[in-house]
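Report on the structure
Each chain, letter by letter, is given below.
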Amino acid sequence: MLSFSVSGFPSFPLRRAYPRVNASFGIDPNSTNPHGHGSDAKVEEEFGKGKGKGKGKGSGRVMGGGGFVIGGKKKAKEKVQWVCSNCGYSAGQWWGVCRSCSVSGTMKEARFSDDADYVISGFSVLEDGVGSWLPQQEGELRPLRLAEVKRGLDHHHWRIPLSGPFGDEVSRVLGGGLVPGSLTLIGGDPGVGKSTLLLQIAAIIAEGHNDGEASPVVYVSGEESVEQIGNRADRLRIESDIYLYSSNDVEDILKKVQYLSPGALIVDSIQTVYLKGIMGSPGGIMQVKECTSALLRFAKKTNIPVLLIGHVTKSGDIAGPRVLEHIVDVVLYMEGEKYSSHRMLRAVKNRFGSTDELGVFEISHSGLQAVSNASEMFLSEQLLDSEILAGLAVAVIMDGARTFLIEIQALCLSGSAGSRQVNGIPLNRADMIISVLIKQAGLRLREHAVFLNVVSGLTLSETAGDLAIAAAICSSCLEIPIPNDIAFIGEIGLGGELRMVPRMEKRVHTVAKLGFRMCIVPKVAEKALGTEGLGKMEVVGCRNLKEVINTVFPNILRRSQ
């Protein structure tokens, strides 16, 4: 910052009004007039005219083209930028389509104030606030060979293990445990259990890891007081070494954490914290981006894992710029139906493992518990050959690497032609299957109203459930129940043929482990499966829908006789 002294002027405070303007003054050091603007009387005359906006005693004027203010205050200039809410791209003018991510309607107006001497970023805050205690690299940094990096890495004890049934389920999604120095973002609908999940994870880490060595965990909340967090911990019966702190200032949080050397840091939530000097309120585009960058640098330099909770929008996406999900290492989503006690934790991004895994939990007053046998949790108790169960078939679906058995219900009502109601199944898919049954199987469904439903409020998105949907419709139309020990796997083509679906072997083995007597599959799959590991279960291959009807329902008719 420039500084100079002016004799004959009262001692007014000097400050910069616009830091990016370079002011030049024509001052001749050999001149007898130290001001360089004419005589003292002329200067005093200009001050008396009150050209500045200040009023009353102590008001001053701008000198050097507006670079400095002597006394008084000048209104700070604002710089208008248009920022994309999807990717964070900024431009000096509005664009209908973002020039970076090509998404339309995402350019939002943002105003930057120039009254600050400098702008703080998420990376500079660590150098100023906590840079003194961060571990320093010895010697000069240089690129390392891959062999050198692997030589000092113990893959067996690299991750932080999470013990117990609950910890095992979370570790499955993370890829084997929590990675030191990682930045994990967890999103989900309000009330789905994100805070409960992280509080239970904090308790496991604080109880001990790395051969029983315990480490404290810091849980920071910008939404709740420490008393409210403590009340939730009492309800969950948590008595681990967890430090609770309520703050919204990232600099303050990092300075407090440095004295504890915690095993993990939890921030609830990233949309409620802020950095001083960054434009916008907490939750804004720039605040979320810079706060995440600061926490990322903290995690990488201290090797302390950081877990963040993220709010979601109405569409289910994490609130804030899309770049937020690019910055973090792991993105987890917690899902659950409003009236269901089951919760599912899935990874949509994982730099340290697969994104195919799915964690299944059941939420109660005492917290989240892992579901022991998730494959059959959507099945209900049935009575074999019960007449009231006509129109019920079991489908085998995959979600990630997990296999689930779900029940498909169908109701065919004669006398209401053309009426169709579908719940949990894509309407176009249901119409196609009904049309194929009419054309290829000869069912008179034009004279019936057809109602389809997926039990437990699930949504069937993959085509492996086509055969179960068709079997349920046939059962209801023929008024013949299907035994509860038969499962159906397969996709239906427009010609009525049965097609293969991915991971057929894993689906069939899951059905066999649950004690089913028969599994109907496409004929091609029957040849490739074999009998090893299937126990007493019979795998029946069919080429088309007619063979399925002749295989399943005649057997039931003979059994009833």
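Relevant structure appears above.
Note on numbering: residues in each chain are counted from 1, in written sequence order. Where totals are concerned, whole chains, interfaces and linings use all residues; where local detail is concerned, this predicted model gives features only for residues with pLDDT of at least 70, and gives and counts side-chain atom pairs only at 80 or more. For the side-chain quantities, the full set of heavy atoms in the structure was used; hydrogens and water were omitted.

Throughout this description, the term nonpolar core refers to a set of buried Ala, Val, Leu, Ile, Met, Phe, Trp, Tyr and Cys residues connected via side-chain atoms within 4.5 Å. Only protein chains enter the calculation, and the probe is 1.4 Å; a residue is then buried if its accessible area is under 20% of its type maximum, exposed if over 50%, and partly exposed in between. Membership of the largest hydrophobic core comes to 54 residues, with the highest contact counts inside it found for I406, I408, L437, L445, I473, F488 and I520. Here a helix means four or more residues in a row that DSSP labels H or I, a strand means two or more in a row labelled E, and each is numbered from the N terminus. Considering every element that reaches this core, the biggest residue donor is helix α11 (residues 466–478), with nine residues. Those residues in contact with I406 that sit more than four places away from it in its chain are F378, L379, A393, V394, A395, I397, V454, L458 and L460. Any two residues whose heavy atoms approach within 4.5 Å at even a single point are treated as in contact.

Summarising burial for strand β16 (residues 392–399): seven of the eight residues are buried, a large majority. Following DSSP output, two strands are said to pair if at least two bridges run between them. Bridge count between β16 and strand β17 (residues 402–414): eight bridges; the pairing is antiparallel. Within β17, the residue paired with A395 across the bridge is I406. The hairpin turn running from β16 into β17, its antiparallel successor, is two residues long, and G400 in that turn takes a positive phi close to 70 degrees.

One fewer than the residue count of a helix, multiplied by 1.5 Å, yields its expected span. For helix α5 (residues 194–207), with 14 residues, the first-to-last C-alpha span of 20 Å sits near the 20 Å given by 1.5 Å per residue. Across the 14 residues that make up α5, a large majority, 13, are buried. Of the residues flanking the end of α5, it is G208, one or two places downstream, whose phi is positive at about 140 degrees.

A separate point is the sheet that holds strand β12 (residues 330–335). Backbone-to-backbone hydrogen bonds pair the strands of a sheet. The strands run either parallel or antiparallel. Spatially, β9-β8-β10-β11-β7-β12-β13-β14-β15 is the arrangement adopted by the nine strands of the open sheet, whose pairing is mixed. Either end of the sheet is taken by a strand with one partner, and the two such strands are β9 (242–246) and β15 (367–370). Across the sheet, the axes of successive neighbouring strands diverge by a mean angle of 25 degrees, strand direction being ignored. Relative to strand β14 (residues 358–364), strand β13 (residues 342–350) is paired through five bridges, and the arrangement is antiparallel. In the strand pairing of β14, L345 is matched with G359. Set on the sheet, α5 makes contact with β7 (183–188), β8 (217–221), β9, β10 (264–268), β11 (306–310), β12, β13 and β15; between it and β8 the angle comes to about 160 degrees. The strands that helix α8 (residues 285–302) touches are β7, β10 and β11; relative to β11, the one it contacts most, it runs at about 160 degrees. Fitted lines through C-alpha atoms serve as axes, helices being fitted only where they are in contact, and the angles separating the N-to-C directions of these axes extend from 0 to 180 degrees.

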